[in-house]
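# Structural features, examined
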Amino acid sequence: MSKTVRIVASILCVILVASAFTACQKQEPLPEGTVAIDDAKTGEKVAFGRYEQDDIKDNGQENIIWIVAEAQKDKLLLVSEKVLDTRKYNNDRKKVTWEESTVRAWLNADFVSSAFNAKESKKLVETTIITPDYAKYNTPGGNDTKDKVFLLSIEEAEKYFVSDESRRAQSSESAKTGGLKWNDSILYRGNGVWFLRTPGLKGDNVCYVNYDGKIYNTCFVDNEGFGIRPAIWVKR
């Protein structure tokens, strides 16, 4: 075999091995009940990022499953299927808007770094978030913000989850261990309460979704035991 033939054969081997490796990567199965982000439609579920959820740290983080709330040509609005964690909306009890809240800072820093790798982080779309005033009680929603991760407003929660039942969300085991308020009755077993970003009855209140899916407006911003159900826009 000539030297030229050996070189060509070696190059072909490298190409074949690389192709096989790429094919193996592409063939990694999707979690049950999910579809690929590129193919996802409104109402379907996708897996994106990882976060501790089963409260068994030895087995690593689990896939985050998201509901596709809105599908556009080049991006998707995703809302986590489960209540992933529990945090105060704000560390101190005072009048506070979404812009100023400590939960916003946590979501766009600690949560992002924990849940998404470098490749996934690049797919997050920084979005202008508008928080309307709570008109019924004239409670100000505050300034618009630029966020990669956010909480739904009342308007969005009612738009994307049109019934109380569809708004109900199961709690992750880690969130329960962290002190999340959740219900263990037969009807609502496992459902947790989760924050919205809309201000409540007063400036030091915030709205939330109860375990029965109904929306309430009288939670103090520094109350413990309320859950986080993040929302994100991601590139296809």
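Everything below is about the structure shown above.
### Some remarks on the pattern of salt bridges
Applying the stated criterion across every chain yields a total of 10 salt bridges. Its salt-bridge partner being aspartate 55, residue lysine 57 comes within 3.8 Å of it at the nearest N-O pair. Judged by relative accessible area, aspartate 55 falls into the partly exposed class, the value being 30%. Here arginine 93 ties to aspartate 222 by a salt bridge, and the two come within 2.9 Å at their closest N and O atoms. Taken together, the positions of arginine 93 in the loop between β4 (85–86) and α2 (102–115) and aspartate 222 in the loop between β10 (215–220) and β11 (227–228) put the pair 129 residues apart, joining distant regions of the chain.

### Comments concerning the sheet that holds strand β1 (residues 45–51)
Taken in spatial order, the five strands line up as β1-β2-β3-β12-β7 in an open sheet, and their pairing is antiparallel. Either end of the sheet is taken by a strand with one partner, and the two such strands are β1 and β7 (149–150). Note that β1 and strand β2 (residues 62–71) share five bridges and pair antiparallel. Within β2, the residue paired with lysine 45 across the bridge is isoleucine 67. Sitting on the sheet, α2 touches β1, β2 and β7, and the angle it makes with β1 is about 90°.

### Some thoughts on the pairing of strand β9 (residues 205–209)
Of all five residues in β9, five are buried; the element is thus mostly enclosed. With burial as the criterion, each face of β9 is covered, one bearing Asn205, Cys207 and Val209 and the other bearing Val206 and Tyr208. Across three bridges, strand β8 (residues 194–199) lies against β9 in antiparallel orientation. From the neighbouring strand, phenylalanine 195 faces β9, where its bridge partner is tyrosine 208. In this structure, the hairpin formed by β8 and β9 is closed by a connection of five residues. Bridge count between β9 and β10: four bridges; the pairing is antiparallel.

### Quick look at the packing of aromatic side chains
The way to describe two aromatic rings as a pair is by their centre distance and the angle between their planes. Taken as a whole and judged by the stated rule, the model has 12 aromatic pairs. Between phenylalanine 195 and phenylalanine 226, the ring centres sit 5.3 Å apart and the planes meet at 20°, which makes this aromatic pair stacked. With phenylalanine 195 in strand β8 and phenylalanine 226 in the loop between β10 and β11, the pair connects residues that are 31 residues apart, well separated along the chain. Side by side, phenylalanine 195 and phenylalanine 226 carry an identical accessibility label, which is buried. Three or more aromatic residues joined by ring pairs make a cluster, and in this case those are Phe48, Tyr51, Trp66, Trp106, Phe111 and Phe116. A cation over an aromatic ring shows up here: lysine 176 above the ring of tryptophan 182, its NZ or CZ 4.0 Å from the ring centre. A cation over an aromatic ring shows up here: arginine 229 above the ring of tryptophan 194, its NZ or CZ 4.7 Å from the ring centre.

### Concerning unusual backbone geometry
Of note in this structure, aspartate 55 is not a glycine but carries a positive phi near 65°. Turning to its location among the elements, aspartate 55 is positioned in the loop between β1 and β2. Phi at asparagine 138 is positive, roughly 55°, even though this residue is not glycine. Tracing the chain through its elements places asparagine 138 in the loop between β5 (127–129) and β6 (145–147). For asparagine 138, a relative accessible area of 65% corresponds to the exposed category.

Here is what the cut-offs are and how they apply
- Residues numbered from 1 in each chain as written.
- Predicted model: local features only at pLDDT ≥ 70, side-chain atom pairs only at ≥ 80, totals over all residues.
- Heavy atoms only, no water.
- Salt bridge = Lys/Arg side-chain N within 4 Å of Asp/Glu carboxyl O.
- Buried < 20%, exposed > 50% of the residue type's maximum accessible area, 1.4 Å probe, protein only.
- Helix = DSSP H or I, 4+ residues; strand = E, 2+ residues; numbered from the N terminus.
- Pairing = 2+ DSSP bridges.
- Contact = heavy atoms within 4.5 Å.
- Axes fitted to C-alpha atoms, helices over the stretch in contact; angles between N-to-C directions.
- Phe/Tyr/Trp six-rings, centres within 6.5 Å; stacked < 30°, edge-to-face > 60°.
- Lys NZ or Arg CZ within 6 Å of the ring centre and 35° of its normal.

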